[in-house]
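Structure assessment
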Amino acid sequence: MRYASITKRLAELGGEKWRLYSQARQMAEDGHDIIEMTIGEPDVPTPPELVSVASEAMAHGRTKYSNGNGEPEVLRALSNRYTKSAGRNISVDQILCFPGTQTALYATLMALTETGDEVLVGDPMYATYAGLISASGASMIPVPLLPDNGFQITAEDIAKKLTPQSRVILLNSPHNPTGAVLSNKQVKEIVELAVEHDLWIVSDEVYDEMLFEGVDFASPLGFLKGADRIVVVSSISKSHAAPGFRSGWSIGSKEFTKRLLPLAETMLFGNQPFIADMTAIALMKPSKVAADMRQRFEMRAKLIYARLNGFAGLKVSQPEAGMFVLIDVSSTGLSGEAYAFDLLLKTGVAVMPGSAFGVALDNWVRVALSVEDSLFDTACQRILDHALICGQASLKTKG
Ligand SMILES: Cc1ncc(COP(=O)(O)O)c(C=O)c1O
């Protein structure tokens with residue numbers, strides 16, 4: 001049978017990247033002692049008061065068709081929130097609701113790019129970006145993010161990769177998997193570059209409430225210059241520990257939103273009103289669950305650094321935000337992927353191979369910080385013991 005070329009383009013860019021995660025889940029189901037540090041799942045349930053809002057709304061009949069933009073209450077809540085954070089008016093007709101950041105990104109990139117266009121993105125990057133970019137037929141142009149530079153993306157590095165086909169800069173700050181956060185100055189320079197070269201900026205801000213102590217967040221939405229070329233996407237998945245609700249949005253100019261609406265309607269035919277009700281309530285005040293998570297994750301990031309950095313040659317990153325640390329495992333003599341599978345099979349600790357996040361992390365693994373403290377401590381010890389054994393084996397092979 002004949003299939004459309006999108007199926008070929010995406011064949012290796014979907015669930016394939018999460019092979020280790022699926023294997024770990026299976027092993028856990030089969031009764032093995034597995035410590036899962038793979039995906040970016042919040043470490044607490046969705047706050048019960050928010051679940052109640054959704055279930056009461058369902059019970060009260062908020063289960064009918066909605067509209068393509070989103071329910072008025074949630075649009076108003078988003079308008080208030082972003083007007084405050086951007087320091088300029090973000091009106092309801094600049095916002096569309098989507099089932100999560102992922103879908104908002106998909107629709108946005110479909111609206112802005114097609115075959116022949118280039119999307120510039122930092123490498124490493126979130127695992128689904130390669131698929132999101134190639135879905136429309138566009139090409140991904142990786143901009144290397146270097147550990148010695150704190151994995152920061154700079155306007156200068158982006159400029160080096162520009163061609164006449166460049167269309168979009170896909171930004172992600174706070175960044176997954178590196179935990180890097182762009183400063184106001186860096187964002188300003190990237191906005192200026194976008195204006196100069198007639199580019200879009202799509203800014204994935206799903207971790208904007210996961211900043212560690214003393215770190216400030218800057219969004220391109222805060223810059224009036226170039227406002228018509230900036231799209232922000234986000235959700236309540238991380239900020240309210242509610243990834244299963246699939247509640248996200250895109251924010252752009254009025255013209256962008258008008259153009260995107262028919263695509264959103266074609267894809268979704270509207271969002272779920274009971275989820276909109278819950279999201280509107282969630283957005284009304286600062287998220288307590290996010291504040292607690294970032295405190296725990298920062299503490300665990302410091303702990304794993306203290307326990308592992310420099311031991312057995314391991315190098316541990318120091319994130320500024322988010323849910324992950326990266327470990328350079330070159331000293332074990334294994335690639336990140338071989339190391340992650342070896343670690344899983346020998347110790348039951350499941351971490352993601354860095355290669356799932358771009359070529360730049362071939363010798364790294366990503367560790368999720370969302371495991372409770374005593375298990376986290378056990379995992380650190382298992383990683384250390386395993387690295388010592390790998391290091392000795394590697395020395396013997398070399399010797
Ligand atoms: C950088 C980044 N963008 C988007 C997503 C997807 O978010 P959502 O659950 O809102 O679709 C994730 C999830 O881990 C992520 O890390």
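Look up a bit, the structure's there.
A brief report on the enclosed structure follows.

Criteria and thresholds
- Residues numbered from 1 in each chain as written.
- Predicted model: local features only at pLDDT ≥ 70, side-chain atom pairs only at ≥ 80, totals over all residues.
- Heavy atoms only, no water.
- Salt bridge = Lys/Arg side-chain N within 4 Å of Asp/Glu carboxyl O.
- Helix = DSSP H or I, 4+ residues; strand = E, 2+ residues; numbered from the N terminus.
- Buried < 20%, exposed > 50% of the residue type's maximum accessible area, 1.4 Å probe, protein only.
- Phe/Tyr/Trp six-rings, centres within 6.5 Å; stacked < 30°, edge-to-face > 60°.
- Lys NZ or Arg CZ within 6 Å of the ring centre and 35° of its normal.
- Disulfide = S-S within 2.5 Å.
- Polar contact = N/O pair within 3.5 Å; in protein donor to acceptor, adjacent residues only side chain to side chain.
- Contact = heavy atoms within 4.5 Å.

Quick notes on the pattern of salt bridges
- The full count for this structure, using the stated rule, is 21 salt bridges.
- Asp328 is the partner of Lys315 in a salt bridge, and the nearest nitrogen-oxygen pair spans 3.9 Å. With Lys315 in strand β9 (residues 315–316) and Asp328 in strand β10 (residues 324–328), the pair connects residues that are 13 residues apart, well separated along the chain.
- The shortest N-O distance in the salt bridge between Asp342 and Lys346 comes to 2.9 Å. Note that Asp342 and Lys346 are positioned in helix α12 (residues 336–347) at a spacing of four residues, about one turn of the helix.
- Accessibility expressed as a relative area gives 62% for Lys346, which makes it exposed.

What about the packing of aromatic side chains?
- Here the structure, examined in full by the defined rule, presents seven aromatic pairs.
- Plain terms: the ring middles of Tyr82 and Trp249 are 6.4 Å apart, the flat faces sit at 70° to each other, and that makes the pair edge-to-face. Separated by 167 residues along the polypeptide, Tyr82 in helix α4 (residues 72–86) and Trp249 in strand β8 (residues 248–251) bring together distant segments of the chain. With respect to burial, Tyr82 and Trp249 carry one shared label: buried.
- Directly above the aromatic system of Phe324 lies the positively charged group of Arg366, at a separation of 3.6 Å from the ring centroid.

So, the state of the cysteines
- Overall, the coordinates contain zero disulfides when judged by the stated rule.
- Free cysteine Cys380: the closest other cysteine sulfur is in Cys390, separated by 16 Å.
- Given the relative accessible area of 1%, Cys380 is considered buried.
- Among the residues examined, Cys390 registers a relative accessible area of 9% and is labelled buried.

Remarks on the side chain of Asn176
- Looking at the element boundaries, Asn176 is found in the loop between β5 (166–172) and α8 (184–196).
- There is a polar contact of 3.5 Å between the side chain of Asn176 and the side chain of Tyr207.
- Each residue touching Asn176, except ones within four places of it in the same chain, is listed here: Met125, Tyr126, Tyr207, Phe324 and Arg366.

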